[in-house]
Amino acid sequence: MDSPQKCFWMTLSLLCFLTDPGFGFSIIEGPSNLTVLAGMEAHFNCTVSEGWQILIWLFEGQPVLSVTYPEKVIITDKSYGQKGYNKGTEFTSELIIYNVQLNNSGKIECSIQTTSGHEYAFLSVQVNGSLNIEDHNMTVTENQTVEIICEAVGWDPVPHITWMVNNISVDNSDYITNQSQGSNGLYNEESILTLTPVTNSTVICLAAILALSKLQSATMTLVVYPPPKSVTNEDDGRTQTIILAVVLSVVGFLLLILIILLIVYCCCRRRRKESKYQKEIQKASAKKKATSQHLETRRADGNENYGYSPEEHAKEKPRVPPFSPVNTSFYGPEQDLAVSSESEVPHHGNYDRVLPSTVAAYPINPRKIRNVTLV
């Protein structure tokens, strides 16, 4: 109640009408049970016979609105309203509950303050949540088994979920449903449909509660492709033959390249060896030629006896001693020397004629030879 004053006037009216001598009217038709969605309006009707003086609407035993004859309305809760209709001697009061919520669920009573003047009904407020399928479009292969999930969130009470495929109801053995309650007191539900499609299909998930005049639905499209063609034994054999031919061709090509590379390598190596051998021969030939030229030069130089001095011999003019074995010790056995015998050695006066023979006794080998003349 909004104020003590309204409560006082209601109580006073009741006392006045209860003591009225014309007391004896009744309720012809009371309110009916009602289920509505949260946020909607709830309407209850109560029809009384002629002679009524007061009609009171109560929620869970508490007065919320009163109507006195002739249609004077006393409202104690702003969430409620009233409309009155007269039909002959009967009067109908329509109770309106605005923007109903879950806490408005309960017992609604119509009373005319007599022993039999009480009729009541029950108000049930339900919450319509959301409904959604995870994949709105799905592509699968023919005869491939898939799972489709439908989620209902924020409902009260728990909705009843069903499925349809191409407008044909699905047997409840083809799907399972799990439910849970959220922190706000509302219910969530998940339904999983197992399906093996053979053609393109339209799948519909349906949720129902009593307050819904029309089922809430969520739709998805299932696109089905034919499976890949199976490979026959003949095709399999052809495929293997083609693969083998390709592999052998590649291997043969690689072997050919390897052989060519080996031939090129061997040729290059052989050429390098021949070139090196030729260089060695040229070096040896050049060295031999240089040595030969050097020897010829030394031989040419050895033909002259640079130790011989004519002036010195002219001054001293020693006599050549007679030949003896001792004199021959200055020459090796290998040297071919021409030595004069004792009878051929001239005395003093013929020394000059002997000198050329002595000079001719020098060996050809270009060594330094000491010339000794004994007198």
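Being a predicted model, the structure only gives us computed values, none of them experimental.

Rules used throughout
- Residues numbered from 1 in each chain as written.
- Predicted model: local features only at pLDDT ≥ 70, side-chain atom pairs only at ≥ 80, totals over all residues.
- Heavy atoms only, no water.
- Helix = DSSP H or I, 4+ residues; strand = E, 2+ residues; numbered from the N terminus.
- Buried < 20%, exposed > 50% of the residue type's maximum accessible area, 1.4 Å probe, protein only.
- Contact = heavy atoms within 4.5 Å.
- Areas by Shrake-Rupley, 256 points an atom, 1.4 Å probe, with all protein chains shown as cover.
- Pairing = 2+ DSSP bridges.
- Disulfide = S-S within 2.5 Å.
- Patch = residues over 30% accessible without salt bridge, like charges linked within 9 Å, V, L, I, M, F, W, Y side chains within 5 Å.
- Salt bridge = Lys/Arg side-chain N within 4 Å of Asp/Glu carboxyl O.
- Core = buried A, V, L, I, M, F, W, Y, C linked by side-chain atoms within 4.5 Å.
- Axes fitted to C-alpha atoms, helices over the stretch in contact; angles between N-to-C directions.

A. Broad picture of the overall build of the chain. Helix and strand counts for the chain stand at 4 helices and 19 strands. Every one of the 375 residues in the chain was classed for burial, and the buried ones make up 29%. Within the chain, contacts between residues separated by at least 24 positions form 61% of all contacts whose residues are at least 6 apart in sequence. Accessible surface computed for the chain: about 25,400 Å², of which carbon and sulfur atoms make up 55%.

B. Representation of the pairing of strand β17 (residues 187–195) within the structure. Pairing geometry for strand β13 (residues 146–155) and β17, over 8 bridges, is antiparallel. Its bridge partner lying in β17, cysteine 150 is registered against serine 191. In terms of strand pairing, strand β16 (residues 175–181) meets β17 through 7 bridges, oriented antiparallel. Looking at β17, one finds that asparagine 178 is bridged to glutamate 190.

C. Representation of the state of the cysteines. Counting across every chain of the model gives 2 disulfides. The side chain of cysteine 46 participates in a disulfide bridge whose partner is cysteine 110; the two sulfur atoms lie 2.0 Å from each other. Linking cysteine 46 and cysteine 110, the disulfide has an S-S dihedral of approximately -75° and is accordingly described as left-handed. With a gap of 64 residues between them, cysteine 46 in strand β3 (residues 42–48) and cysteine 110 in strand β9 (residues 106–111) connect regions that are remote in the sequence. A residue is classified by how much of its surface remains accessible, and cysteine 46, at 0% relative accessible area, is buried. Judged by its relative accessible area of 0%, cysteine 110 falls in the buried class. Note on cysteine connectivity: cysteine 150 is disulfide-linked to cysteine 205, with sulfurs 2.1 Å apart. Handedness here is read from the sign of the S-S torsion; for cysteine 150 and cysteine 205, about -85°, the answer is left-handed. Taken together, the residues span a long stretch of sequence, with cysteine 150 in strand β13 and cysteine 205 in strand β18 (residues 201–208) at a distance of 55 residues. Accessibility assignment for this pair places cysteine 150 and cysteine 205 in one class, buried.

D. Summary view of a nonpolar patch on the surface. A surface patch of nonpolar side chains, about 670 Å² in accessible area, is lined by Ile242, Val246, Val250, Phe253, Leu254, Ile257 and Leu261. Its place among the elements puts leucine 261 in helix α2 (residues 233–302). What makes leucine 261 exposed here is its relative accessible area of 53%.

E. Up close: the nonpolar core. Core analysis: the biggest nonpolar cluster contains 27 residues, and Ile133, Ile148, Trp163, Leu193, Leu195 and Val203 have the highest contact counts within it. At the level of elements, β11 (130–133), β12 (137–141), β13, β14 (160–165), β17, β18 and β19 (216–225) are the ones that each hand at least two residues to this core. Counting residues per element, this core draws most heavily on β13, which supplies 5 residues. The residues contacting leucine 195, other than those within four sequence positions of it, are Gln144, Thr145, Val146, Ile148, Val165, Val203 and Leu222. Counting residues in each nonpolar core, the second largest holds 25 residues, with Ala42, Phe44, Trp52 and Ala121 among its members.

F. Region of the structure containing the sheet that holds strand β1 (residues 27–29). The strand order across the open sheet built from 4 strands is β1-β3-β8-β7, with neighbouring strands paired in antiparallel fashion. Strands with a single pairing partner mark the edges of an open sheet, and in this sheet they are β1 and β7 (80–87). Strand-to-strand twist across the sheet, computed as the mean angle between neighbouring axes with direction ignored, equals 30°. Pairing of β3 with strand β8 (residues 90–97) involves 7 bridges; the strand directions are antiparallel. Following the sheet pairing, phenylalanine 44 is matched in β8 by leucine 95.

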